[in-house]
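Read off the chains here:
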Amino acid sequence: MRKSSALQAEIASVLPTLRRFAFSLTTSIADADDLAQQTVEKLLTKPIPEDAVLLQWAFRVCRNLWIDEFRSRKVRENTRFDSELAQTQEVDEGKTIELQQELQAVGNAMQLLPEDQKAILALVAMQGMSYREVSETLEIPIGTVMSRLARARGALAKQLYGKTEELH
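To keep things clear, this report deals only with the structure shown in the data block.

Examining a nonpolar patch on the surface
Right, so step 1: A contiguous nonpolar surface patch, about 240 Å² in accessible area, is contributed by Tyr131, Ile142 and Met146.
Right, so step 2: For methionine 146, a relative accessible area of 42% gives the class partly exposed.

This is the structure we're talking about:
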């Protein structure tokens, strides 16, 4: 079992990456912060397998918490996406507004993806994980990772650009 102080230091070192992953799932800074906090709480209160790589374990816990939250929202909100959840902090004008609109469009398009595709896309495209790392993290075959990623990219391209070919 990892010592409490060592575990806290390890968690602190992966927190920025975990927060980015949470944002990629939620597309909302506030929701991402809440999800990251819930993940850290679980990591501190529930046992972590000795052989587990902390970052991969944290991604798995975070993803599972988000799936639970997403399912509850779906029931509560009758499956309709609230566009306010995808908005980020408002900053300067001009280019920043344009970038925010693009981010919102991508966030909206990602919300339409099935949860399994969204998680894989977030891990590969936003976290820079290899297919093998995603396969190990989510405990699914590497072929499944590749298949879901291809479908997610194709669906995003279709949503954003009206194209059916994959993004490269």
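Now, onward.
Thoughts on the pattern of salt bridges
Right, so step 1: Tallied over the full model, the rule gives four salt bridges.
Right, so step 2: Notably, a salt bridge pairs arginine 19 with aspartate 33, separated by 2.4 Å at the nearest N-O pair. Highlighted residues: arginine 19 in helix H1 (residues 4–26) and aspartate 33 in helix H2 (residues 29–45), separated in sequence by 14 residues.
Right, so step 3: Judged by its relative accessible area of 38%, arginine 19 falls in the partly exposed class.
Right, so step 4: Put simply, lysine 118 and glutamate 115 hold a salt bridge, and the shortest N to O gap is 3.1 Å. Of the two residues, lysine 118 and glutamate 115 are both situated in helix H5 (residues 115–126); the distance of three residues between them amounts to about one turn of the helix.
Right, so step 5: Using a relative accessible area of 14% as the deciding quantity, one classes glutamate 115 as buried.

What counts, and at which threshold
Each chain carries its own residue numbering, running from 1 in the direction its sequence is written. It should be noted that, the model being predicted, local features are given only for residues of pLDDT at least 70 and side-chain atom pairs only at 80 or more, the latter also being counted only at that level, while totals for whole chains, interfaces and linings use all residues. Side-chain numbers here rest on the full set of heavy atoms in the structure, without hydrogens or water. Here the term patch refers to residues with relative accessible area over 30% and no salt bridge, with like charges joined within 9 Å and nonpolar side chains (Val, Leu, Ile, Met, Phe, Trp, Tyr) within 5 Å. Values of accessible area rely on a 1.4 Å probe in the Shrake-Rupley scheme; residue burial ignores everything except the protein chains shown. Here, a salt bridge means any Lys or Arg side-chain nitrogen found within 4 Å of an Asp or Glu carboxyl oxygen. Exposure categories follow from relative accessible area, calculated using a 1.4 Å probe and restricted to protein chains: below 20% of the type maximum is buried, above 50% is exposed, and the middle band is partly exposed. Under the DSSP-based scheme used, a helix requires at least four consecutive residues in state H or I and a strand at least two consecutive residues in state E, with every element numbered from the N terminus.

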